[in-house]
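Letter by letter, the chains look like this.
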Amino acid sequence: MPLYKSVTINDTTRLLVWKNTESMEELSQAVRLKDVCVHKMDKMKSEAHRKAFLGVRMLMQEIGYTDYDLFYTPDGKPHLKDGNTISITHSYAFSAIIVSSGESGIDMEMQREKVITIAEKFMEPEFAYLDPTHLDTYMKKLIVIWGVKEAVYKMLSRKGLSFKQHIEVFPFELANAQGIAQVKFEDIHAQYPFYFEEIEEFTLVYCLGKNN
Ligand SMILES: CC(C)(COP(=O)(O)OP(=O)(O)OC[C@H]1O[C@@H](n2cnc3c(N)ncnc32)[C@H](O)[C@@H]1OP(=O)(O)O)[C@@H](O)C(=O)NCCC(=O)NCCS
């Protein structure tokens, strides 16, 4: 089943996850693309990337949108023409979107120990509550923190917003599958709820913002 998951988060927010199992031909036939996107896709180096790109469009079609409803601002942020917000992530076979009338952001990361070696690049205060001696929990929490910061970044898309300096993930438990992130940057001083879950060897994270 390529549509892996569809969740109604609240009255105006939907989250959908796609897992690619079909061939490029099957996907290409199922998705209608704007010329500019055909061009964009042709330039992608890997078939996995092309499939993820089409997977996003398949998810959009599930909820009544097409590629023609989507446009990007120069910062790379995707938008829907009807004024709803959309956030996009893709990782290997998975693609996921969150569509809402309010602000939201989404990210999916593969659970890899490599995150331990780059942790200092994206966090600082969080080290105070993490315990590196329990390696598996430590790695999974780092992945959540990274995913939260990516999701928050995508939701706000502000130039200069630093994962390490401006986004703080407060202490959380893996078993609770949720937490709070705080952003202090320029005029923004806000806290946002985030939610996460494991999907196969990946972690899916989303956050909710203004009007959500
Ligand atoms: C742009 C960025 C958010 C993408 O995240 P990623 O985990 O690499 O990749 P994902 O697959 O999860 O997300 C890609 C999607 O993000 C979306 N995106 C890209 N730039 C965006 C932006 N400025 N705002 C919101 N969404 C954005 C796009 O929809 C893109 O997919 P598409 O181009 O196929 O539509 C990320 O690479 C980035 O630049 N982060 C900020 C820089 C930073 O501080 N990095 C970490 C330092 S340790």
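Use the structure listed above.
Everything quoted here is computed from the prediction, not taken from an experiment.

Draft legend 1. Focus on the overall build of the protein. When helices and strands are tallied, the protein shows six helices and 11 strands. Expected size for 212 residues packed as a compact globule is a radius of gyration near 17 Å; at 17 Å, the protein falls within 12% of this value. Dimensions of the protein, computed from the C-alpha atoms along their principal axes, are close to 50 × 35 × 30 Å. A fraction of 53% describes how many contacts in the protein between residues 6 or more apart in sequence connect residues 24 or more apart. Entry remark: accessible area of the protein is about 10,700 Å², with carbon and sulfur atoms responsible for 51%.

Draft legend 2. The side chain of lysine 149, seen in detail. Note that lysine 149 resides in helix α5 (residues 135–156). Ignoring anything within four residues of it in the chain, the contact list for lysine 149 reads Phe122, Met123, Glu126, Phe163, Lys164, Ile167 and Val169.

Draft legend 3. Expanded view of the site of the ligand. For the ligand, the set of nearby residues contains 18 residues, the closest of which are Tyr72, Thr89, His90, Lys154 and Ser157. With respect to the ligand, the backbone of aspartate 75 contributes an N or O atom lying 2.9 Å from a nitrogen atom. Between the ligand and glutamate 150 there is a distance of 3.4 Å, counted from an oxygen atom to a side-chain nitrogen or oxygen. Relative to its free-state accessible area of 920 Å², the ligand is covered by the protein chains to the extent of 70%. Secondary-structure elements contributing two or more residues to the shell around the ligand are β5 (85–91), β7 (104–110), α4 (114–122) and α5. Considered class by class, the residues forming the shell around the ligand number six nonpolar, four polar and eight charged.

Draft legend 4. Geometry of the pattern of salt bridges. Counted under the stated rule, the structure contains 10 salt bridges. Here glutamate 47 makes a salt bridge to lysine 51, at a shortest N to O gap of 3.8 Å. Of the two residues, glutamate 47 and lysine 51 both sit in helix α3 (residues 47–62), four residues apart, roughly one turn of that helix. A relative accessible area of 18% means that lysine 51 is categorised as buried. The partner of aspartate 107 in a salt bridge is lysine 154, and the shortest N-O contact between them spans 3.4 Å. With a gap of 47 residues between them, aspartate 107 in strand β7 and lysine 154 in helix α5 connect regions that are remote in the sequence.

What counts, and where the lines are drawn
- Residues numbered from 1 in each chain as written.
- Predicted model: local features only at pLDDT ≥ 70, side-chain atom pairs only at ≥ 80, totals over all residues.
- Heavy atoms only, no water.
- Helix = DSSP H or I, 4+ residues; strand = E, 2+ residues; numbered from the N terminus.
- Rg over C-alpha atoms; globule rule 2.2 N^0.38 Å.
- Contact = heavy atoms within 4.5 Å.
- Areas by Shrake-Rupley, 256 points an atom, 1.4 Å probe, with all protein chains shown as cover.
- Near = heavy atom within 4 Å.
- Polar contact = N/O pair within 3.5 Å; in protein donor to acceptor, adjacent residues only side chain to side chain.
- Nonpolar A, V, L, I, M, F, W, Y, C, P; charged D, E, K, R; others polar.
- Salt bridge = Lys/Arg side-chain N within 4 Å of Asp/Glu carboxyl O.
- Buried < 20%, exposed > 50% of the residue type's maximum accessible area, 1.4 Å probe, protein only.

Any functional reading would require information beyond the geometric quantities listed.
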